[in-house]
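Results of the structural survey
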There are 2 protein chains.
Amino acid sequence: MVVMVAGAAHGRSRRSLADVVDACRAAVLAEVAETGFGRLAVEGVARRAGVAKTSIYRHWPSVEELLLDALSHAHPVEVATPGGGNLRSDLLRSLEQLVGWLGAPTAPAVAAILNERQRRPDLVEALYTRVFDTHGGRFTRTVIEHYAERGEIDARLVTPIVVDIGEALVIKHQIDTGQLPSAEVRAAIVDQAILPALCFPPVPDEGNST
Amino acid sequence: MVVMVAGAAHGRSRRSLADVVDACRAAVLAEVAETGFGRLAVEGVARRAGVAKTSIYRHWPSVEELLLDALSHAHPVEVATPGGGNLRSDLLRSLEQLVGWLGAPTAPAVAAILNERQRRPDLVEALYTRVFDTHGGRFTRTVIEHYAERGEIDARLVTPIVVDIGEALVIKHQIDTGQLPSAEVRAAIVDQAILPALCFPPVPDEGNST
DNA sequence: GACTGTAGCTACGCTAGCGTAGCTACAGAA
DNA sequence: TTCTGTAGCTACGCTAGCGTAGCTACAGTC
């Protein structure tokens, strides 16, 4: 059964500019999550967005530009700041924020671009300048530096290695399991890896979860 | 100028079975490193190996099977065992082995498959059972468990999180920079992150490198 | 030397995608 | 209501790849 839009000989309906742009941005993020970067295609994005290829080429010179544009508009902005609690609870919250970041709808697209680092360094650089640099993403680094400034941590222990422990373990967990770490695992990361590196010795009993 | 192989009307030369198999295995590893998994194609592998597509399809049902077969034969085998040194030097050597693993010619192929975890869990599972499980790859875990058995480390501190710190930081370094960590960075990882988690407190001065 | 399994080649009919040309027609502004 | 910028459509000529059929011919074994 064919339903015709009034007056439309083609049966076609035309959308507004803003509608087309929003549909394309959403479609490219979903498409790259499903296909990976290597099989991302303008035809696939147009199909998913329900637009013509010409509508894409009128706004973006390539599907890569559309992808970066979509990420600029959709990637979550970090809001982690030390909340006046203590070091441990602030570290836990920053890992929670990181996990939120890594689980955002944009995360597969970010991962897809990062996976192309050797082949497309230009894209990765653009990702950092157009998405990461404008959206923050310092997580545990922000917290550790804050407490170091307050004198609660020996500032000499705040090294590039140490501020990276938490994120490294979260990402490794995701690589190994395909899942983001639970609250229990995040607590273990804080208690068993981050705090010991800041001279808060590990407590080798059961340990208390959040 | 056309050079004809004696007696070959086609100008073609025919290789032995072993030669074809070796060429295909090497070609698929190089091809996937260059193209990524998404654009890996039988035609590209055949071209690079200098064989006909039919020669590939006679031995492997798909390019994925060829890739896993190639990895099974080429992936380095872990030889890290505690060498009778001390904990620190053994940890340094295990990270050196890991970096050797990650820098092996097979590493891009491994990464390409791991990047397809969401889309192709079957391939990732096959990677673990056919490649990882048979080639080891426990690195710092092996060292830490050895010293725990000897009583030099509180065994209660040897948790899944703690044994993963070193590899997590190495992999994070590679994700962030595209490079494998230098000896200096590896030493910092051992001194500032792994040892503190095992109750060997960090030394917040310059610290001695390897 | 004879035999056999298989390498190499080309063509096949197909899918998928690229980026644009040229057109119709409509959403939104004036 | 008129005007304009642009959405939607289809076709185009192209590249790239798939997996096999059918053939020739040769590497290696006996």
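See the structure shown above.
For every chain, the first residue of the written sequence is number 1, and numbering continues from 1 onward in sequence order. By the order in which they are written, chains take letters starting at A while ligands take numbers starting at 1. Note on the predicted model: pLDDT of at least 70 is required for a residue's local features to be given, and 80 or more for side-chain atom pairs to be given and counted; whole-chain, interface and lining totals, by contrast, use all residues. Remark: hydrogens and water are excluded; side-chain values derive from all non-hydrogen atoms of the structure.

Moving on, we get to the interface of chain B and chain A. In this assembly, 41 residues from chain B lie in contact with 41 residues from chain A. Each reported salt bridge corresponds to a side-chain nitrogen of Lys or Arg within 4 Å of a carboxyl oxygen of Asp or Glu. For the pair chain B and chain A, the interface holds 4 salt bridges. One salt bridge in this structure joins D164(B) and K172(A), with 2.9 Å as the shortest N-O distance. Each polar contact in these results corresponds to two N or O atoms within 3.5 Å; when the atoms are within protein, one needs to be able to donate a hydrogen and the other to accept it, and residues that are neighboring in sequence are counted only if both atoms are side-chain atoms. At the junction of chain B and chain A, the tally comes to 12 residue pairs in polar contact (both at pLDDT 80 or more). Comment: elements are numbered from the N terminus, with helices defined as DSSP H or I runs of at least four residues and strands as E runs of at least two. Ranked by the residues each element gives to the side of chain B that touches chain A, the list is headed by helix α9 (residues 160–177) of chain B, at 13 residues. Counted by class, the side of chain B that touches chain A contains 21 nonpolar, 10 polar and 10 charged residues. Here, residues are in contact when the closest pair of their heavy atoms is within 4.5 Å. Only Asp, Glu, Lys and Arg are considered charged, only Ala, Val, Leu, Ile, Met, Phe, Trp, Tyr, Cys and Pro nonpolar, and every remaining residue, Gly among them, polar.

Turning our eyes to something else, we now look at the relation of the copies chain B and chain A. In this comparison the copies share one frame, found by least squares on the C-alpha atoms of residues holding pLDDT of at least 70 in both. Superposing chain B onto chain A requires a rotation of 180° together with a translation of 0.0 Å along the rotation axis, leaving an RMSD of 0.1 Å. Between the two chains, the operation in question is that of a two-fold axis. Ranked by how close their C-alpha atoms come to the rotation axis, the residues of chain B are headed by G38(B), at 2.1 Å. Most of the interface of chain B is mirrored in chain A, where 100% of its interface residues are also at the interface.

Mapping G85(A) onto the fold places it in the loop between α4 (63–74) and α5 (87–102). Other than its neighbours up to four places away in sequence, G85(A) contacts D90(A) and Y147(A).

With that out of the way, let us pick up the packing of aromatic side chains. Residue and element names in this part refer to chain A. To pair, rings of Phe, Tyr and Trp, with the six-membered ring standing in for Trp, must have centres within 6.5 Å; the planes then decide the type, stacked if under 30 degrees apart, edge-to-face if over 60, and tilted in the middle. Here the structure, examined in full by the defined rule, presents 6 aromatic pairs over all chains. Ring geometry for W101 against F139: centres 5.2 Å apart, planes inclined by 75°, an arrangement best described as edge-to-face. Linking W101 in helix α5 with F139 in helix α8 (residues 139–149), this pair joins segments that are 38 residues apart in sequence. Categorising residues by exposure relies on relative accessible area from a 1.4 Å probe, with only protein chains included: less than 20% of the type maximum marks a residue as buried, more than 50% marks it as exposed, and the intermediate range marks it as partly exposed. Judged by relative accessible area, which is 12%, W101 ranks as buried. For F139, a relative accessible area of 1% translates into the label buried. Taken together, the aromatic side chains of W101, Y128, F132 and F139 make up a single cluster linked through ring pairs.

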